[in-house]
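# Results of the structural survey
Here is how the chains run, residue by residue.
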Amino acid sequence: MIAILDCNSFYCSCERVFRPDIAVKPVVVLSNNDGCIIARSDEAKEIGVGMAGPYFKAKRLIEEHGVMVFSSNYNLYGDMSWRVMETLRMMMGKENIEVYSVDECFINLAHIPITSLHEVALSLKETVERWTGIKVSVGVAPTKVLSKVANRLAKKNKVITNCVLVLDSPRKIEQALQKTLVEDIWGIGGQYADKLKRENILTAFDLSKKDIQWCRKNLGGVVGDRLLRELRGEKSRIMESPLTEKKIIATTRMFGSPVTDINSIKEAVATYTTRAAEKLRRQYCAAKTISVFVVPKEQNSGAHFRHGPSIGSYTKLMQATSLTNELIKPAVSLVDKLFEAGRSYKKAGVMLSDIVLDNSIQGDLFLRNNKNERRLLMDMMDNINFSMRNDILKFAASGTTRNWKMQKNFHSPRYTTRWDELRNVN
Amino acid sequence: MIDDNFYQSIYAGTKKFSQDDIQTANATGFGAAADDYAERGIDLNEQLIMNKPATFFFRMNGDAMSEAGIYPGDILIVDRSIKVASGKIVVASVNGDLVVRYFKQTMNKLWLEPANGRLGNMVLEEFTEYRPWGIVTCVIHLLDPVLKTFNTPRKHKK
């Protein structure tokens, strides 16, 4: 059997751990730059705050009901996520844990006898809640897709299930499938859902009665095949090892306010390049292609929420590299190419691709090879920045003014990662 | 099913470290004899943190616990995985506030007790919103002002 453990309104829960005064108040968390609502507590859902909607549209509702608003505090969420996953690794052994995203993870329970599954699931939930303060839900079933079904139902009926649901008999699985609409199945997107509904397949149960050939034909070949098998309780997705090497690394941000001068954009792009190169080095890789894009502000419309089309370009390097300075140079000259004077821009991004392992960089006959020393320099920079925090060492290209930086008007303290932002107690 | 202190015994120390982290003299001439006896240096985390994912840091604001050796500005190490028991120093939320007190319990009464003669007990009754947050396992009291320059809390705008 497989379990999926999923944190309830994760970002909101993280904020609440250190704020007992808002334990039962409605809470929302905003995306980078305070643009959209990306997390809502149950109480906020109840009063009708929509998901992924722009903040300014929900503002009246939020003020009327005294909803607590937070800018996203990724330092805090990242640390709390680590705590949740580490607790599970300590309890179940790290070989049985597959971290699926920042707030959910699959747990292999193959070695647990059927009769103790509920007890184990409950103890996972309770231990995580006690150790980390984060509320979670657990779904247990024979396959990953079914465990997602179970988890969703556990969350929907918190009072009855106590956030734990185990599908350990064919009858329970059938009931759960009947209670799940096709659009709520993991892996069924909007388009497939519409298609299925037109065929009068409304619930997961209806779908599970279709034959394999039909699913292959109508739900994207082998993917549909697997999905059907999973729904029927035949395992076809195995525990996956984490995506340790990303194929593409991107860093993009909205500017705090529209930017019109080229130097600010260059500084921003240099900073994003620095961040992306750090990520690159952390996975011991190097990149051969660097792309930069900028998004101009829509010129005539006054609406906050429409982007102009993004304008981008890329450079292929002579040799794959992970050195920040070698990446900043082409990135900044791409900005020269893209920038049009007189326009204002609201977003920029850097993307590194053609990623190879650092030790397998194809050498270029005509380049001198003093890479090692410079790699050492990067390591030192990374270490200093990591231990001192706040980018204490940076390349001059990333600038010192940073008037393009993100808006974070409702930022909570980084309670778990900064000495000077610890929670006060009386 | 899960024994409360079962997992804690597995977890000693908190830092990943490798052979490379061990300091040697790195002498270019004669290798120092002491290199043969090199070992990992003392790591405060190892002693003071039993269960890392459940351990959090707080800063003491008032003088409610000064007779127990916790002074304003001190850093508290708080472990959420330890069970609350009468006589332990806890961080708890009481009606939305986070406070540090002795937790006391008799047959029919629960209360939070300060270590400061000027303050009274907080009796926990039916309608008190009370939740234990964690157990205070350690207090860090900085003596020399040179350390405090690193640690003064920054005013955070709400």
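Residues numbered from 1 in each chain as written. Chains lettered and ligands numbered in written order. Predicted model: local features only at pLDDT ≥ 70, side-chain atom pairs only at ≥ 80, totals over all residues. Heavy atoms only, no water.

With that settled, the discussion passes to the overall build of chain A. A tally of regular secondary structure across chain A gives 15 helices and 13 strands. By the burial criterion, 52% of the 426 residues in chain A qualify as buried. Counting contacts in chain A only where the partners sit at least 6 residues apart, residues at least 24 apart contribute 69% of the total. (Helix = DSSP H or I, 4+ residues; strand = E, 2+ residues; numbered from the N terminus. Buried < 20%, exposed > 50% of the residue type's maximum accessible area, 1.4 Å probe, protein only. Contact = heavy atoms within 4.5 Å.)

Residue and element names in this part refer to chain A. Interhelical geometry of helix α6 (residues 144-156) versus helix α12 (residues 222-231) gives an angle of 60 degrees and a closest axis separation of 7 Å. The angle between α6 and α12 falls in the class oblique. Counted together, Lys144, Val145 and Leu146 of α6 and Leu227, Glu230 and Leu231 of α12 form the full contact between these two elements. (Axes fitted to C-alpha atoms, helices over the stretch in contact; angles between N-to-C directions. Parallel < 35°, antiparallel > 145°, perpendicular 65-115°, else oblique.)

Moving on, we get to unusual backbone geometry. All names here are of chain A. Positioned with a positive phi, Ser9 is a non-glycine residue whose angle comes to about 35 degrees. For Asp354, which is not a glycine, the phi torsion comes out positive at approximately 55 degrees. Here Asp354 is to be found in strand β12 (residues 345-357).

Attention now goes to the sheet that holds strand β6 (residues 122-124) of chain B. Within the open sheet, the eight strands sit side by side as β13(A)-β1(B)-β2(B)-β7(B)-β3(B)-β4(B)-β5(B)-β6(B). Their pairing is mixed. Whereas interior strands pair on both sides, the edge strands pair on one side only; in this sheet they are β13 (423-425) of chain A together with β6 of chain B. Within the sheet, the average angular offset between the axes of one strand and its neighbour, ignoring direction, is 45 degrees. In this sheet, strand β2 (residues 75-79) of chain B lies alongside strand β1 (residues 55-60) of chain B in antiparallel orientation, the contact comprising five bridges. The residue of β2(B) that forms the bridge with B:Phe57 is B:Ile77. (Pairing = 2+ DSSP bridges.)

Okay, the interface of chain A and chain B next. With 35 residues of chain A at the interface, the matching set in chain B holds 40 residues. Both faces considered, chain A and chain B share a buried interface measuring about 3,300 Å² in area, 58% of it formed by carbon and sulfur atoms. Of all residues in chain A, A:Trp131, A:Val425 and A:Asn426 give up the largest surface area on contact with chain B, accounting jointly for 23% of the area buried on that side. Counting across the interface, chain A meets chain B through zero salt bridges. Summed over the shared surface of chain A and chain B, the result is 16 residue pairs in polar contact (both at pLDDT 80 or more). Of all elements in the fold, only α4 (74-92), α5 (117-132) and β13 of chain A reach the threshold of two or more residues within the side of chain A that touches chain B. Of the residues that constitute the side of chain A that touches chain B, the class distribution is 14 nonpolar, nine polar and twelve charged. Pairing between β13(A) and β1(B): three bridges, direction parallel. Residue pairing across strands places A:Asn424 opposite B:Arg59, the latter belonging to β1(B). (Buried area = accessible area lost by both parts, 1.4 Å probe. Salt bridge = Lys/Arg side-chain N within 4 Å of Asp/Glu carboxyl O. Polar contact = N/O pair within 3.5 Å; in protein donor to acceptor, adjacent residues only side chain to side chain. Nonpolar A, V, L, I, M, F, W, Y, C, P; charged D, E, K, R; others polar.)

Next up on the list: the layout of surface pockets. Size it by volume and the second largest pocket reaches roughly 1,200 Å³. A:Ala23, A:Gly133, A:Lys135, B:Arg80 and B:Arg131 are the residues nearest the centre of the second largest pocket, which is lined by 38 residues in total. For the lining of the second largest pocket, the elements supplying multiple residues, two or more each, are α1 (10-17), α2 (42-46), α5 and α7 (158-161) of chain A together with β7 (130-140) of chain B. Counting residues per element, the lining of the second largest pocket draws most heavily on β7(B), at six residues. (1 Å grid on protein atoms, 1.4 Å probe; cavity = no way out; pocket = protein on both sides within 12 Å on 5 of 7 lines; lining within 4 Å. Points joined across faces, edges and corners; volume = space filled by probe spheres on them.)

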